[in-house]
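Residue strings, one per chain:
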Amino acid sequence: QVQLVESGGGLVQPGGSLTLSCAASGFSLDYYSIGWFRQAPGKEREGVSCIHSADSDVYYFESVRGRFTISRDNANKKVYLQMNNLKPEDTAVYYCAAIRIGYLCYMNQEYDYWGQGTQVTVSS
């Protein structure tokens, strides 16, 4: 079955760091771009970052630019999101998602596969 599984969420203090992982199975990560999204209670889902398949070009949405780093390991079929200098407003459920190649990953469009999400809570 096609699956994306996030892990690494948890409780972290403001200013701290956390790394999320997204493990893919059932399809080849080589042919998909991966995006990270998040959704806080009462708010709509928003983009965080994304990384393209072949050239690994990356994009960061303004709210996390300069603080988060996205990377991918196609051999191990994993994508990571390193989050630094975390703020309380980063608190949300974080999702990874995959979209077939041929699209700019940061544009508003439908992704093909979604993970179940992992909770990140930033609080002192």
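Thresholds, definitions, all that
- Residues numbered from 1 in each chain as written.
- Predicted model: local features only at pLDDT ≥ 70, side-chain atom pairs only at ≥ 80, totals over all residues.
- Heavy atoms only, no water.
- Helix = DSSP H or I, 4+ residues; strand = E, 2+ residues; numbered from the N terminus.
- Rg over C-alpha atoms; globule rule 2.2 N^0.38 Å.
- 1 Å grid on protein atoms, 1.4 Å probe; cavity = no way out; pocket = protein on both sides within 12 Å on 5 of 7 lines; lining within 4 Å.
- Points joined across faces, edges and corners; volume = space filled by probe spheres on them.
- Nonpolar A, V, L, I, M, F, W, Y, C, P; charged D, E, K, R; others polar.
- Buried < 20%, exposed > 50% of the residue type's maximum accessible area, 1.4 Å probe, protein only.
- Pairing = 2+ DSSP bridges.
- Disulfide = S-S within 2.5 Å.
- Patch = residues over 30% accessible without salt bridge, like charges linked within 9 Å, V, L, I, M, F, W, Y side chains within 5 Å.
- Areas by Shrake-Rupley, 256 points an atom, 1.4 Å probe, with all protein chains shown as cover.
- Salt bridge = Lys/Arg side-chain N within 4 Å of Asp/Glu carboxyl O.

Draft legend 1. Main features of the overall build of the protein chain. Helix and strand counts for the protein chain come out as 0 helices and 11 strands. Helices (α) and strands (β) of the protein chain occur, in sequence order from the N terminus, as β-β-β-β-β-β-β-β-β-β-β. Compactness check: the protein chain gives a C-alpha radius of gyration of 13 Å against a globular reference of 14 Å for 124 residues, within 12% of the reference. For the protein chain, the C-alpha atoms occupy an extent of roughly 40 × 25 × 25 Å along the three principal directions.

Draft legend 2. The arrangement of the layout of surface pockets in detail. There is about 240 Å³ of room inside the largest pocket. Residue lining of the largest pocket: 16 residues in total, with Phe37, Arg45, Met107, Asn108 and Gln109 positioned closest to the centre. Of all elements in the fold, only β4 (32-39) and β5 (46-51) reach the threshold of two or more residues within the lining of the largest pocket. In terms of residue class, the lining of the largest pocket is built from 9 nonpolar, 4 polar and 3 charged.

Draft legend 3. Quick peek at the pairing of strand β1 (residues 3-7). Only one face of β1 is covered, namely the face carrying Leu4 and Glu6; the face carrying Gln3, Val5 and Ser7 is uncovered. Pairing of β1 with strand β3 (residues 18-25), which is carried by 5 bridges, proceeds in the antiparallel orientation. Across the sheet, valine 5 pairs through a bridge with alanine 23, a residue of β3.

Draft legend 4. Quick peek at empty space enclosed by the protein. On inspection of all chains with the given rule, the structure shows 1 cavity of 30 Å³ or more. Estimated volume of the largest cavity: approximately 50 Å³. Among the residues making up the lining of the largest cavity, the classes are represented as 2 nonpolar, 2 polar and 5 charged.

Draft legend 5. Fine view of the state of the cysteines. Following the criterion strictly, the structure yields 2 disulfides and no others. In this model cysteine 22 forms its disulfide with cysteine 96; the gap between the sulfur atoms is 2.1 Å. Disulfide cysteine 22 to cysteine 96: torsion about the S-S bond roughly 70°, handedness right-handed. Of this pair, cysteine 22 sits in strand β3 while cysteine 96 sits in strand β9 (residues 92-100); the two residues are 74 residues apart in sequence, bridging distant segments of the chain. For cysteine 96, a relative accessible area of 0% gives the class buried.

Draft legend 6. Here's a closer look at the pairing of β3. Inspection of the sheet shows β3 paired to strand β8 (residues 78-83) by 6 bridges, in the antiparallel sense. Residue pairing across strands places alanine 23 opposite lysine 78, the latter belonging to β8.

Draft legend 7. Layout of a nonpolar patch on the surface. Together, Leu104, Tyr106 and Met107 make up a nonpolar patch on the protein surface, roughly 270 Å² of accessible area in all. If you trace the backbone, methionine 107 turns up in the loop between β9 and β10 (113-114).

Draft legend 8. Representation of unusual backbone geometry. We note that lysine 77 has phi near 55°; this positive angle belongs to a residue other than glycine. Turning to its location among the elements, lysine 77 is positioned in the loop between β7 (68-73) and β8.

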